Protein chains: 2
Amino acid sequence: MDITIKEAAKQLRHHDHILILSHRAPDGDTLGCAAALAMGLASLQKQVRFACSDEVPKKFADLFSEVSVFDPAQPNEDFRAGFLVSVDIAARNLFGDALSGYPDQVDLCIDHHQSNDGFARQRCLDATAAATGEIIYALLRELQVPIHSKIADCLYTAISTDTGCFKYPNTTSRTLRIAADLVDAGANAADINRRMFDTVSKARLALERLALEHLEYHFGGRCVSMDLPRALMEETGAKGSDLDGITSLPRQIEGALLGITIRERKDGGYKLSLRGQPPVDCAAVCERFGGGGHRGAAGCTFDTLPLEEVKRQILTAAGEHLLTLGLLHDAP
Amino acid sequence: MDITIKEAAKQLRHHDHILILSHRAPDGDTLGCAAALAMGLASLQKQVRFACSDEVPKKFADLFSEVSVFDPAQPNEDFRAGFLVSVDIAARNLFGDALSGYPDQVDLCIDHHQSNDGFARQRCLDATAAATGEIIYALLRELQVPIHSKIADCLYTAISTDTGCFKYPNTTSRTLRIAADLVDAGANAADINRRMFDTVSKARLALERLALEHLEYHFGGRCVSMDLPRALMEETGAKGSDLDGITSLPRQIEGALLGITIRERKDGGYKLSLRGQPPVDCAAVCERFGGGGHRGAAGCTFDTLPLEEVKRQILTAAGEHLLTLGLLHDAP
């Protein structure tokens, strides 16, 4: 059942033992929301715990300095959740291993993903929000929770990370106004921005340097592909988090309308990430290979074909798509 | 004489032939402000012209589609300026060659640089503004000019480029609220963001790749230096605009508090750009070599010393500075 922010606030007011859940491989939005909501509810004298299948990445650890963590593997502590809230979790399969038994127990799902699969008993969904952080902000206002600087830090982190620091097309005037309110409430925006958007690991830098040697230009530069062989990952010691955003690199190159990153998986298969700018429709290209996503970002996998054949197939599909859009007429 | 926005608006209302000047090597702020002010004044039935010593870079050309350009080399056209306004020009030496005779003729200087040297007859300065675009926005509101989408595009470009898309520490809640207003007024923020912040030239990419091979780590990684020899610039075909922001790269590396870019000039000397994060004071280090700037960003030049000696001197100064701040105690 879909409910409003007002109704969600009413329910939260009625419960005293609340467990807040974040999605696996947690990002700034799910974590910032969880920490902000936990602190906000704690200020209303609620008992609150937080749980996530995966560890909180180091760069978000500060947000949780005043939040109590619940370990689903050791549920015998003296906290019995009377109300379960998920934040920014779009689907059952995003709870992760440690919380795999939880999707059916969620009382209230707070989310901004249009694709939300409705696992929860009640859902407070706003797909126009750039981040779930916008919804949590409205909810805390509805609950008349004072937004102190620590809560402001959490929500600013949630919103800025989900919008690429207000750069992505999901950013609206409401997003910017909420960010302004959070800055006024004491969010350390400059510090958060530096840590989130202006810091790069040595492994990432090494990976980027080698990846740049694997760029290939197609169709007069309208399409750019980049290989990320396993050897390259191992050579640089790059981990998952070092890969964040590297898939947007080929599309960022001047003249490129479609960027394709081809990453070799551990098992030898290939994961393809497509990024496009209008009018290119990445999802349409990926759907031909059983994948999917959005117009601007989509993906698909090839499990058994050798790299050269993977490239041939995806580039043929990409070329046909560009041709259909009339984008190859003046290609050199 | 320093005047308020209200007074500046009053003066602009009283004049019918207005010439607007941007600084040399024009950026998004000076150009967005000039175009927005030109269109705003034109909507009040004023005759307006725009002039700049250097050509408007391609990526800003769209902003000027409805603005008439004044060529200072051919001043015999049927436009005689009755009132000269400079936007975002902080000092006399920033007018550039073609406008070198103009600083003393400026009636009104609109700027946000604390360092503004007061060349103009009157000055409307707000050093708390993240961009001169914030001041122009307030001025157009004071003039009761309707902010249509084209003006909104110009001001959004001005403000977003001067704040690194709201990422830099100069961004305030006012900055974000004005950006929200501009989005509501029809600014194509997503499109502008993609062009300004999400597009990289092939030359820049090639330069970055080679520059990454010239990184050196000092003092346990707290200081990172990067050489940009002439040969590297020539090899990649990189121009001035391809260098934008590359000086922030060494400081972005995880653990670095101070980044030093050493760029070889055409004449064989070296231009050093320092970037730091608190508590490092880049200006303090550069001042020892006759340079200057801000805490977070400063520069100095070495005209005659060989590269190795330049490095030795700047690293000695950097090390002493880090030591003074107590930042070297636990260095490996």
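This report concerns the structure included in the present document. Predicted, not measured: the structure shown is a model, and the values here were computed from it.

Note on interface size: it is often stated as the accessible area lost on association of the parts. Each partner contributes to the interface: chain B provides 36 residues, whereas chain A provides 37 residues. Across the chain B to chain A interface the summed buried area is about 3,500 Å²; carbon plus sulfur atoms make up 57%. Interface area lost by chain B to chain A is led by Lys167(B), Leu176(B) and Arg209(B), which between them contribute 16%. Our count for the chain B to chain A interface comes out at eight salt bridges. Between Glu213(A) and Arg209(B) there is a salt bridge, with its nearest N and O atoms 3.9 Å apart. Taken together, chain B and chain A are joined by 20 residue pairs in polar contact (both at pLDDT 80 or more). Where the side of chain B that touches chain A is concerned, the elements lending two or more residues are α5 (173-184), α6 (189-197), α7 (202-211), β6 (215-218) and α9 (249-252) of chain B. The biggest single contributor to the side of chain B that touches chain A is α5(B), with eight residues.

Right, let's get into the sheet that holds strand β2 (residues 47-51) of chain A. All names here are of chain A. The strand order across the open sheet built from five strands is β2-β1-β3-β4-β5, with neighbouring strands paired in parallel fashion. This sheet does not close on itself; its edge strands, each paired only once, are β2 and β5 (122-125). Here the average twist between neighbouring strands, direction ignored, is 20°. The pairing of strand β1 (residues 17-21) with strand β3 (residues 83-87) spans four bridges and is parallel. Directly across from Leu19, in β3, lies its bridge partner Leu84.

Residues and elements named next belong to chain A. The strand order across the open sheet formed by six strands is β6-β7-β8-β9-β11-β10, and the pairing between neighbours is mixed. Looking at strand neighbours, the two that pair on one side only are β6 (215-218) and β10 (292-293), the edges of this open sheet. The pairing of strand β8 (residues 258-264) with strand β9 (residues 270-276) spans seven bridges and is antiparallel. Bridge assignment links Gly259 to a residue of β9, and that residue is Arg275. Helix α11 (residues 307-324) contacts β6, β7 (223-228), β8, β9 and β11 (297-302) of the sheet and is inclined by roughly 165° relative to β8.

What follows is about the relation of the copies chain B and chain A. Between chain B and chain A, which share one sequence, the superposing operator has a rotation angle of 180° and an axial displacement of 0.0 Å; the RMSD is 0.2 Å. Overall, the copies show the geometry of a two-fold rotation axis. A shared interface surface links the copies, since 100% of the contact residues of chain B are contact residues in chain A too.

Residues and elements named next belong to chain A. Taken N-terminus to C-terminus, the directions of helix α3 (residues 132-142) and helix α4 (residues 149-162) make an angle of 150°; their axes are 8 Å apart at the nearest point. Judged on the interaxial angle alone, α4 and α3 are roughly antiparallel. Where α3 abuts α4, its residues Gly133, Glu134, Ile136, Tyr137 and Leu140 lie against Ile151, Leu155, Ala158 and Ile159. By residue class, the composition of the contact of α3 with α4 is seven nonpolar, one polar and one charged.

Moving on: the packing of aromatic side chains. Scanning the entire structure with this criterion turns up eleven aromatic pairs over all chains. Considering the side-chain rings of Phe95(A) and Phe119(A), the 5.1 Å spacing of their centres and the 85° angle between planes classify their relative orientation as edge-to-face. Within this pair, whereas Phe95(A) is found in the loop between β3 and β4 (108-111), its partner Phe119(A) is found in the loop between β4 and β5, the two being separated by 24 residues in sequence. Among the residues examined, Phe119(A) registers a relative accessible area of 6% and is labelled buried. Its end group placed over the ring of Tyr217(B), Lys202(A) keeps NZ or CZ at 4.3 Å from the ring centre.

Here we take up α11(A). All names here are of chain A. An ideal rise of 1.5 Å per residue puts 26 Å on 18 residues; α11 measures up with 26 Å between its terminal C-alpha atoms. Looking only at α11, the buried set comprises Val310, Lys311, Ile314, Leu315, Ala317, Ala318, Gly319, His321 and Leu322. The inward-facing, buried residues of α11 abut β6, β7, β8, β9, α10 (282-287) and β11. At the exit of α11 stands Gly326, carrying a positive phi of roughly 75°.

Our next topic: the pattern of salt bridges. Residues and elements named next belong to chain B. Scanning the entire structure with this criterion turns up 45 salt bridges over all chains. Put simply, Arg141 and Asp181 hold a salt bridge, and the shortest N to O gap is 4.0 Å. You can see Arg141 sitting in helix α3 (residues 132-142) and its partner Asp181 sitting in helix α5, a full 40 residues away along the chain. Residue class for Arg141 comes out partly exposed when judged on its relative accessible area of 48%. A relative accessible area of 27% places Asp181 in the partly exposed class.

Calculation rules
- Residues numbered from 1 in each chain as written.
- Chains lettered and ligands numbered in written order.
- Predicted model: local features only at pLDDT ≥ 70, side-chain atom pairs only at ≥ 80, totals over all residues.
- Heavy atoms only, no water.
- Contact = heavy atoms within 4.5 Å.
- Buried area = accessible area lost by both parts, 1.4 Å probe.
- Salt bridge = Lys/Arg side-chain N within 4 Å of Asp/Glu carboxyl O.
- Polar contact = N/O pair within 3.5 Å; in protein donor to acceptor, adjacent residues only side chain to side chain.
- Helix = DSSP H or I, 4+ residues; strand = E, 2+ residues; numbered from the N terminus.
- Pairing = 2+ DSSP bridges.
- Axes fitted to C-alpha atoms, helices over the stretch in contact; angles between N-to-C directions.
- Least-squares fit on C-alpha atoms with pLDDT ≥ 70 in both.
- Parallel < 35°, antiparallel > 145°, perpendicular 65-115°, else oblique.
- Nonpolar A, V, L, I, M, F, W, Y, C, P; charged D, E, K, R; others polar.
- Phe/Tyr/Trp six-rings, centres within 6.5 Å; stacked < 30°, edge-to-face > 60°.
- Buried < 20%, exposed > 50% of the residue type's maximum accessible area, 1.4 Å probe, protein only.
- Lys NZ or Arg CZ within 6 Å of the ring centre and 35° of its normal.
- Expected span 1.5 Å × (residues − 1).

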